[in-house]
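Report on the structure
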Amino acid sequence: MIQVLVVEDDPVAADAHQLYVGRVPGFTVAAVAHSRAEAVRALDRMPVDLLLLDLYLPDGHGLQLLRSLRAAGHSADVIAVTSARDLAVVREGVSLGVVQYVLKPFTFATLRDRLVRYAEFRAAAGEASGQDEVDRALGALRAPQPTRLPKGLSGPTLEAVTRVLRAAPDGVTAGTAGMELGISRITARRYLEHLVTVGRAVRSPQYGQIGRPELYYRWVTQGHKRP
C-alpha cells in the first residue's frame with residue numbers, strides 16, 4: 001500500500017481528500033495534517049510515500065515545508081493540490097519533487113487519474129531496455145490525459161458552478177446558480193447534474209410555500225455521502 005499524508009488546512013477539504021484517497025485501490029491515508037507543523041510531526045512519526053499537499057497553509061507556504069523536508073532528508077513524493085495557478089510556483093515545485101499538480105476544485109475522477117498514474121510510475125522497476133521504455137515510464141507520470149467532459153460542457157464553467165455550489169452549505173437550485181453566474185437555468189442544471197453523476201453533488205426535492213417541490217443541489221463532503 002502507498003502511504004499518503006494529506007496536508008490541507010481546510011477541514012472539509014481534508015476530509016474530502018482523505019475520502020478520495022481511500023477509494024483508490026493501493027493507497028491508504030497514513031495521517032492528516034492541517035498545518036506545516038503538524039505535517040512535520042507526522043513525518044517524524046511514520047514513513048510516508050506520498051504527500052497530498054496544499055500550498056497555502058496557515059503557518060507557511062507548502063513549498064517552504066517541502067524545502068525543509070528535503071533538507072531534513074525526507075524523500076517522499078508530492079502531489080500539489082491547490083488553487084495556485086502561478087507557473088513560476090509550478091516550476092519551483094517540480095524542482096523540489098512535486099510529481100503532479102492538481103488544481104482546485106477537482107472531481108474524484110481527476111485525483112484518481114493522478115494517483116493511478118503515480119502508482120504505475122512507482123511500479124516501474126529494473127533496467128530500461130531503451131529510450132522508449134524510459135519515455136513510457138515518465139509519460140505515465142507527466143502526461144495525464146485530460147478528464148473529458150460531456151459534449152457541450154466546458155471546464156471553466158464547471159469550475160464556476162462548482163465554486164457556487166461549494167459556497168452554499170444549504171444547497172442551491174439551478175435557477176439560483178444560473179442567476180449568480182449569468183447563465184440560463186437549463187445550462188446551470190446541466191452542470192449540476194454532471195456533478196451529481198460524478199459523485200460530487202447530491203440532489204433532493206424541497207417543498208416551498210406553495211407546495212411545489214424544487215430540486216436543490218448540495219456539495220458532497222465526507223459527512224454527506226451520496227445516497
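The structure presented is a predicted model; accordingly, all values stated were derived computationally and were not measured.

1. Some thoughts on the pattern of salt bridges
- Tallied over the full model, the rule gives six salt bridges.
- In this structure, Asp54 and Lys104 form a salt bridge, with 3.6 Å as the shortest nitrogen-oxygen distance. Linking Asp54 in the loop between strand 3 (50-53) and strand 4 (56-57) with Lys104 in the loop between strand 7 (98-103) and helix 5 (108-123), this pair joins segments that are 50 residues apart in sequence.
- Across the salt bridge formed by Asp113 and Arg117, the nearest N and O atoms sit 3.3 Å from each other. Placement of both Asp113 and Arg117 in helix 5 is noted, with a separation of four residues, approximately one turn of the helix.
- Judged by relative accessible area, which is 16%, Arg117 ranks as buried.
- One salt-bridge network, in which partners are shared between bridges, spans Glu8, Asp54 and Lys104.

2. Concerning the pairing of strand 2 (residues 27-33)
- Pairing analysis gives six bridges linking strand 1 (residues 2-7) to strand 2, with the strands arranged parallel. Among the inter-strand pairings, Val7 is bridged to a residue of strand 2, identified as Ala33.
- For the crossover that starts at strand 1, traverses helix 1 (residues 11-22) and ends in the parallel strand 2, the hand is right-handed.

Rules used in this analysis
- Residues numbered from 1 in each chain as written.
- Predicted model: local features only at pLDDT ≥ 70, side-chain atom pairs only at ≥ 80, totals over all residues.
- Heavy atoms only, no water.
- Salt bridge = Lys/Arg side-chain N within 4 Å of Asp/Glu carboxyl O.
- Helix = DSSP H or I, 4+ residues; strand = E, 2+ residues; numbered from the N terminus.
- Buried < 20%, exposed > 50% of the residue type's maximum accessible area, 1.4 Å probe, protein only.
- Pairing = 2+ DSSP bridges.
- Right-handed = clockwise from strand over helix to strand, strands pointing away.

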